[in-house]
Amino acid sequence: MPSPSLARPALAVLLTLATACATVPSAVRPVPRDADNRELREFATATWAWRDGARVAGGDSAMVTANEPLAARVGLDVLRAGGNAVDAAVAVGFALAVTYPEAGNLGGGGFMLVRMADGRTAAFDFREMAPAAATREMFLDANGEPTDASRVGHRASGVPGSVAGLHLAHGRLGRLPWPAVVGPAIALARDGFEVDSTMEAALAGSQRLICRFAGCPVFFPEGRPAARGTRFRQPALAATLERIAAQGADGFYRGPTAEAIAAEMRRGGGLITTADLAAYRAAERRPLAGRYRDRTILTMPPVSSGGVTLLEALNVLETWPRLAPPGTTAHAHQLGAVLQRAYLDRNLRLGDPEATPLPVDELTSKAYARRLRATIPEDRATPIADIPSVLRDGPETTHFNVVDAEGNAVATTTTINDLFGSGVYVAEAGFFLNDEMDDFAARPGRPNGFGLVQGEANAIAPGKRMLSSMTPTIVLGADGRPELLVGARGGGLIISAVLQIVLNVVEHGMPLTRAIAAPRWHHQAWPDTLRYEAGGVAPDVLAELQRMGWAVRAGGTGRATAIQRRPGGGWWGAADPRRDGVAMGW
Ligand code: DON
């Protein structure tokens, strides 16, 4: 248990509430209590703009959540037409490649986690791979310093995996014919769709990047972003999707699409060849399964770091019989200390399981969690350099979930890394390419674009997959049936976001929308700083944390979508109020 000195005294609770009342009268609500009748203190944070009523839907039978409404609607239509959750998820994946070009993709990669109603599970890994010509030092300048070529331009791209992954998942567990799940995306690309304000704004924000490459005339007709309210057609993308519908993954990895990618690479000095594309394979892996209290957590194995880090963190948190309530100093201290240790192992130990043996069993074991817990003082922060990790020996994405009426559940995260990926657009085939090479450690020990300082296990090598933080996760209730599907975007911020949403639901008994909207913490080992969302933490909690030795600063968090089982049957779906997204139930 946390020591009594860390529990916030009742007087302070009342004072904080009084301040809340005095400064923001309209924000006053009764302070709710969790299952143990403890105050859920996060409700009392006067400065937090709660938007937990945003983007929520209920459904008696089925639910889809995604970042873009037309693609979510495709998922619902596929379910109504007799498809299962895997068919719907594959169809949403292709539709997002058309309607959400900032992150949906054919030119990227991702992970899909499936739990079928009959108990079968699968984890599909369609992460990009370094091309055969990649070298360990390809992103270092003459002084050995990392350059921005891992994020912008032709060399930033790994060999795309999305089409192979969606095809593999559909072949294993889908029910409808393949053309039926690609078809809705073809129609959206060929016939067009109405541009909304979200897409117009995303394009405007990335005009400089996109207009360095071949996508400029497509997305900026007359030099301005495709305008909201206008119809946006993508005939080249429609033709690519038609090849995929007709030939399966070969419609992308061989023939005209592959040749168009390789030609674009040659034009811009990139490395991906038709041989790299023909050699790409998606992998079906066994999901990681862990226990947290009476729940089973199914999550993504390497080459995602998300599942290992999530389970490692949950295992350590479980060593406290009950976690301190959100909003308290003790809560932030527990989360900070656990994230610090779990991200330390993530950054130093994890990489492509096919290139490096990984200590997954040890990192996710309860025994290791007990050893880590013994290194956490209750009353002060531990500088990262002093953490005695027994294993230590050296130093834009989109998530969508589907559940169907039978109880099949699919959580998918897919990405081209930064918004619009590397900026490189394959004009003949109609899509952007990823800048996933930046997820490698271009120089072990130096931060990447997300500020993650990673080690040798994630150094660049030909044919290797880069480490990811994407964390599609399905929580099974005590009855063994899916209770929560969750995942997020945000690079290294994804894992801590998913962790806190799981805890908010499972440990703190919050309703889904509140669990997603609640302010979050983040720590990723380096920099050795506990980050909070501005306005989400009471000033006295921050002051107390600093007295304990934590360096604190305001920062961002991941943006999630999630589905939760309703107690009386059916589902709630919700998208993060921090970012665009929808839930659609049926
Ligand atoms: O795989 C990863 O961890 C990153 N490429 C994810 C990037 C991301 O989430 C960007 N999102 N907004």
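Look up a bit, the structure's there.
Residues numbered from 1 in each chain as written. Predicted model: local features only at pLDDT ≥ 70, side-chain atom pairs only at ≥ 80, totals over all residues. Heavy atoms only, no water.

### Side note on the overall build of the protein
Helices and strands together make up the secondary structure of the protein, namely 19 helices and 21 strands. Computed over its C-alpha atoms, the radius of gyration of the protein comes to 23 Å, within 12% of the 25 Å expected for a compact globule of 586 residues. Counting only C-alpha atoms, the protein reaches 70 × 55 × 50 Å along its principal axes. Split into buried and exposed, the 586 residues of the protein put 63% on the buried side. Within the structure as shown, the protein displays about 19900 Å² of accessible surface, and the carbon and sulfur contribution to it stands at 54%. Computing the positive centroid from 60 side-chain charges and the negative centroid from 59, the protein places the two 2 Å apart. (Helix = DSSP H or I, 4+ residues; strand = E, 2+ residues; numbered from the N terminus. Rg over C-alpha atoms; globule rule 2.2 N^0.38 Å. Buried < 20%, exposed > 50% of the residue type's maximum accessible area, 1.4 Å probe, protein only. Areas by Shrake-Rupley, 256 points an atom, 1.4 Å probe, with all protein chains shown as cover. Lys, Arg positive; Asp, Glu negative; His and termini not counted. Charge placed at Lys NZ, Arg CZ, Asp CG, Glu CD.)

### Examining the pattern of salt bridges
Under the counting rule described, the total for this entry stands at 38 salt bridges. In this structure, Glu 242 engages Arg 190 in a salt bridge whose closest nitrogen and oxygen atoms are separated by 3.8 Å. Placement of Glu 242 in helix α9 (residues 235-247) and of Arg 190 in helix α5 (residues 178-191) is noted, with a sequence separation of 52 residues between them. Among the residues examined, Glu 242 registers a relative accessible area of 36% and is labelled partly exposed. A relative accessible area of 42% places Arg 190 in the partly exposed class. (Salt bridge = Lys/Arg side-chain N within 4 Å of Asp/Glu carboxyl O.)

### Some details on the site of the ligand
As a structural note, the neighbourhood of the ligand is formed by 16 residues, with Glu 396, Thr 397, Glu 436, Asp 439 and Ser 468 the closest of them. A distance of 3.0 Å is found between an oxygen atom of the ligand and a side-chain nitrogen or oxygen belonging to Arg 127. Within the backbone of Gly 490, an N or O atom sits 2.8 Å from an oxygen atom of the ligand. When the ligand is considered free in solution it has 340 Å² of accessible area, and contact with the protein chains removes 98% of it. Residue classes in the shell around the ligand are distributed as three nonpolar, seven polar and six charged. (Near = heavy atom within 4 Å. Polar contact = N/O pair within 3.5 Å; in protein donor to acceptor, adjacent residues only side chain to side chain. Nonpolar A, V, L, I, M, F, W, Y, C, P; charged D, E, K, R; others polar.)

### Remarks on unusual backbone geometry
A cis amide bond links Pro 302 with the next residue in sequence, Val 303, at an omega value of 25°. Of note, Val 303 is situated in the loop between β9 (295-299) and α13 (306-317). Residue Pro 527 is reached from Trp 526 by a cis peptide bond, and omega for that bond is -10°. Structurally, Pro 527 is set in the loop between β16 (521-522) and β17 (530-532). Located in the positive-phi region is Arg 55, a residue other than glycine, with phi close to 55°. Looking at the element boundaries, Arg 55 is found in the loop between α1 (10-23) and β1 (56-59). Phi angles above zero are rare outside glycine, and Arg 293 is one such case at about 55°. Within the fold, Arg 293 resides in the loop between β8 (288-292) and β9.

### Remarks on the environment of His 523
Within the element layout of this structure, His 523 appears in the loop between β16 and β17. Ignoring anything within four residues of it in the chain, the contact list for His 523 reads Gly 336, Leu 339, Gln 340, Tyr 343, Asp 528, Thr 529, Leu 530 and Trp 550. A distance of 3.1 Å separates polar atoms of two side chains, one belonging to His 523 and the other to Asp 528. (Contact = heavy atoms within 4.5 Å.)

### Observations regarding the packing of helix α3 (residues 85-99) against α9
Running from N to C, α3 and α9 point in directions that differ by 165°, and their axes come no closer than 11 Å. Compared by their axis directions, α3 and α9 come out roughly antiparallel. By crossing handedness, the relation of α3 to α9 is classed as right-handed. Only Leu 237, Leu 241 and Ile 244 of α9 make contact with α3, whose side of the interface consists of Phe 94, Ala 97 and Val 98. Of the residues in the contact of α3 with α9, the class split is six nonpolar, no polar and no charged. (Axes fitted to C-alpha atoms, helices over the stretch in contact; angles between N-to-C directions. Parallel < 35°, antiparallel > 145°, perpendicular 65-115°, else oblique. Left-handed = near helix turned anticlockwise from the far one by under 90°.)

### Topic: the sheet that holds β17
Reading across from one edge, β16-β17-β18 is the order of the three strands in this open sheet, with mixed pairing throughout. Two strands lie at the open edges of the sheet, namely β16 and β18 (552-554), each paired on one side alone. Bridging between β17 and β18 involves three bridges; their strand directions are parallel. The partner of Arg 531 across the bridge, within β18, is Arg 553. Here helix α19 (residues 539-547) sits on the sheet in contact with β16, β17 and β18, set at roughly 145° to β18. (Pairing = 2+ DSSP bridges.)

### Regarding helix α4 (residues 162-173)
Between the first and last C-alpha of α4 there are 16 Å, a value that for twelve residues agrees with the 16 Å anticipated at 1.5 Å per step. For α4, a buried count of nine out of twelve residues is recorded, marking the element as mostly surrounded by other parts of the structure. Those residues of α4 that fall on the buried side of the exposure criterion are Ser 162, Val 163, Ala 164, Gly 165, Leu 166, Leu 168, Ala 169, His 170 and Leu 173. (Expected span 1.5 Å × (residues − 1).)

### Points about the nonpolar core
In this structure, Phe 94, Leu 106, Met 112, Phe 124, Leu 241 and Phe 252 are the most contacted members of the largest nonpolar core, which totals 88 residues. Looking at this core, the element that brings in the most residues is α3, giving twelve residues. Sequence-distant contacts of Phe 94, that is, excluding residues within four places in its chain, are made with Leu 106, Val 163, Leu 166, Trp 178, Val 181, Val 182, Ala 185, Leu 241 and Ile 244. (Core = buried A, V, L, I, M, F, W, Y, C linked by side-chain atoms within 4.5 Å.)

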